[in-house]
Every structure is written in structure tokens, then in C-alpha cells.
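One letter stands for each residue in the lines below.
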Amino acid sequence: MRAVRVHGFRQSAVIRVDEVERPAAPTGQDLLIAVSASSVNGTDLMLRRGDVALARLQRAPVSLGFDVVGTVIDCGRSVTAFERGDRVMALLGHAGGGQSEFAVVPQRSAALVPESMTDAEAAALPLAGLTALQALRGVAALGATAGQRVCVTGAAGGIGSFAVQLAALSGATVTAVAGAGREDYLRGLGADAVLDRRTTDPFDGSERWDIVLDAPGRLAFDTVRPALSPRGVLVSTRPVSVDSLRMLVPRLPGSRNPRYAIVTTRRDGRDLDYLARLVREKRLVVPIDRAFAMDDVAAAHRHAESGGVRGKVVVTVDAST
């Protein structure tokens, strides 16, 4: 089969579409999927640049793609929730491989794709949507109290675009922080206010936030803490930092001090099914910035890093069974 892989890292990194061995027949609770689309996430970009420890631990070439949508063509003997011919989407594990003609996923990570969703929308939903949902509803307890104030940084990207919508759906007051020229787009997703990150500091103390979601994973807790409410939380997508090490220090019971937390995205088919239901009910929009063919994946990476993206960049795959 054909698969997108990175050869080398950093300045010498080259993205190629290689001929690789097709996955074996699935066993147990696994599904074999003929892939129709995947997407480009920040993790893909960081793997290519060698910016994450995972990239330095893996030997090149490294497979790309963590989102996948396609048709089930074979099932392991213990699969109970799906059958051949089902159109499913899923989040893959750390080994990636979504930008390939075929992929194997455990049934617990998959969800049926509503008929109303396009392949591009289904490919754009898993990683970014699950991260936003689990960061806000799981880590930050979005919706636990009335009148919450939420600030989303990197709001025009994949995670941020979903986070703005989910926060608005919960009834929170939502402020979106992004680059210039995104106000109409973000207000259309439900943001009550939009700040230009180049000209406005949302954490100067003039506002207080119950939840700050740092979608790009760039903020330091000391920067945000003065702008958090007494029980406020900064949730970051960056797994390793000085602030994440501070999380190891136990908090006093009943502490009313602001806190720092990280989100580690889980491959949860139930959460993915919940997001799909929101899309089916037209309560959640999957914003697609642009789609590229698999042979143009290098151009997809350049576009994703251009700084002007609104939503998700999709990679289409034409699997031949």
C-alpha cells in the first residue's frame, strides 16, 4: 500500500509517499479500514521537525497521520460494534499511519460516521475534537458551574475552533485569542469576543478567566495566573514543561488557588461518538480550511505552517481494495 512517511528530521526532513507492506488481517477487537481521508495535526508537524521526544526516539522513516476515516473491510473475531461496510472514524495511537491506504484500529477507538458528514469532516474531527472536549469537559470541568468565563488561545486552529464551539454550547462566555483577520470566523463559531494576539494581552489582569485553554501549548502558568479566578485553571496541550513538573507537588485539600493542568488525549470512541452526534444535530461545525491529495502532502504541511489557517487541513486518500 501507499503511505506518507517522513525520512530524516528538522532541516533535512523529507516527506514521501512510500510503498509499504499492507497491514495483516485484523485479530481480536481490531478493524481493518480502507482509508479515505486523514488530516494534518500539530503532532505531524512536530514529528517532521523533530520537535517532540517521540520523534527523536523513533527511527526514520516515521509514519504520519493520527486521524482516520474510511470503510471497514475486515473485522477481528471479537469485534461486536462494527461490521464490514461501516464507515468509521478513529484516532490512531502514537505510531500514526492515518495517511495510508489502509489502517488498523481497535473498535473501542472508533465511531460510526453520520451520513450527513463528509469524509473530510470525519477526518478532521478525532484528534482536535477529542482534545478540545477532554480538555474542557474533562480536565477543566466545563459546565460544572453557571456563568463560566473561558479564554481559548490559538482559537482559529483545529483544537481552538472546536474548543470555542464546545465552550459556547455549554453556556460559557467565550473569548477567542488568535491572529488578525479571524474575528468574523471566530464569532461565527460562537465566540463572544475576539482578541488579536499581536496587539492585546488577555492576561494583563484586566479580565479574570475560570478556564484558559492553551491550544498551541505555549503559555507559562506564571504568565496566566494573575488572570485566573480563584479556582481557575490553565489547561495546556504541552505534555512536558516546567509547569507540568510542578503538578507533581500535591495541592492542599480545598485549595482555592488557580491551577495548571495538561490534557492527554484519549482514544475514546464514546467521546468521538458524542462529537459526531453534535455534528449530526448541527450543533458543532467541523471547519475545513483546505484539502490536499496524499501526493501533495508536503504542500499540506507548508500550508498548515503558513499562519493563516482557519480550522483543519485534510489529506485525502484513495485506497484501492
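Refer to the preceding data block for the structure.
Rules used throughout
- Residues numbered from 1 in each chain as written.
- Predicted model: local features only at pLDDT ≥ 70, side-chain atom pairs only at ≥ 80, totals over all residues.
- Heavy atoms only, no water.
- Helix = DSSP H or I, 4+ residues; strand = E, 2+ residues; numbered from the N terminus.
- Expected span 1.5 Å × (residues − 1).
- Buried < 20%, exposed > 50% of the residue type's maximum accessible area, 1.4 Å probe, protein only.
- Contact = heavy atoms within 4.5 Å.
- Polar contact = N/O pair within 3.5 Å; in protein donor to acceptor, adjacent residues only side chain to side chain.
- Salt bridge = Lys/Arg side-chain N within 4 Å of Asp/Glu carboxyl O.
- Core = buried A, V, L, I, M, F, W, Y, C linked by side-chain atoms within 4.5 Å.
- Pairing = 2+ DSSP bridges.

Trainee: Which parts of the structure should I look at to understand helix α9 (residues 269-280)?
Mentor: Helical geometry: 3.6 residues make up each α-helical turn, so side chains three or four residues apart lie on a common side. For α9, spanning 12 residues, the distance from its first C-alpha to its last is 16 Å, which sits close to the expected 16 Å at 1.5 Å a residue. Within the span of α9, buried status applies to G269, D271, L272, L275, A276, L278 and V279. Contacts made by the buried residues of α9 are with β6 (87-91), β8 (110-112), α4 (126-139) and α5 (158-169). Two or three places before R270, at the start of α9, stands the capping residue D268, its side-chain oxygen 2.8 Å from that residue's backbone nitrogen. K282 sits one or two positions beyond α9 and adopts a positive phi of about 60°.

Trainee: What is the right way to read the pattern of salt bridges from this model?
Mentor: Two side chains of opposite charge can pair, provided their charged atoms sit close to one another. For the coordinates displayed, the defined rule picks out 15 salt bridges. In this structure, D271 engages R137 in a salt bridge whose closest nitrogen and oxygen atoms are separated by 3.6 Å. Taken together, the residues D271 in helix α9 and R137 in helix α4 connect sequence positions 134 residues apart. D268 is paired through a salt bridge with R266; the nearest N and O atoms lie 3.9 Å apart. A single salt-bridge network, built from bridges that share partners, covers R137, R266, D268, R270 and D271.

Trainee: What is the right way to read the nonpolar core from this model?
Mentor: One broad trend across soluble globular proteins is that nonpolar side chains are buried collectively. With 85 residues, the main nonpolar core has M89, L125, L136, V164 and L186 as its most contacted residues. Ranked by residue count, the leading element in this core is α4, at seven residues.

Trainee: Help me out: how do you make sense of unusual backbone geometry in this one?
Mentor: Among all residues save glycine, negative phi is the norm, and among peptide bonds the norm is trans. Positive phi, normally seen in glycine, also occurs at A141, with a value near 60°. Here A141 falls in the partly exposed class, since its relative accessible area comes to 33%. One non-glycine residue, K282, lies in the positive phi region at around 60°. Structurally, the position occupied by K282 is in the loop between α9 and β15 (288-293).

Trainee: Please explain the environment of L219 as it appears in this structure.
Mentor: By the element assignment, L219 lies in the loop between β12 (209-214) and α7 (221-224). The exposure class assigned to L219 is buried, which follows from its relative accessible area of 17%. C-alpha separation for the pair L219 and R84, spaced 135 residues apart in sequence, amounts to 45 Å.

Trainee: Could you clarify how one ought to interpret the sheet that holds strand β2 (residues 14-19) in this entry?
Mentor: For sheets, the rule is that strands pair by backbone hydrogen bonds, running either parallel or antiparallel. Strand order in the open sheet formed by three strands is β2-β1-β4, and the pairing between neighbours is antiparallel. With partners counted over all chains shown, the strands left at the sheet margins are β2 and β4 (62-63), one partner each. Sheet topology places strand β1 (residues 2-7) next to β2; six bridges connect them, and they run antiparallel. Its bridge partner lying in β2, A3 is registered against D18.

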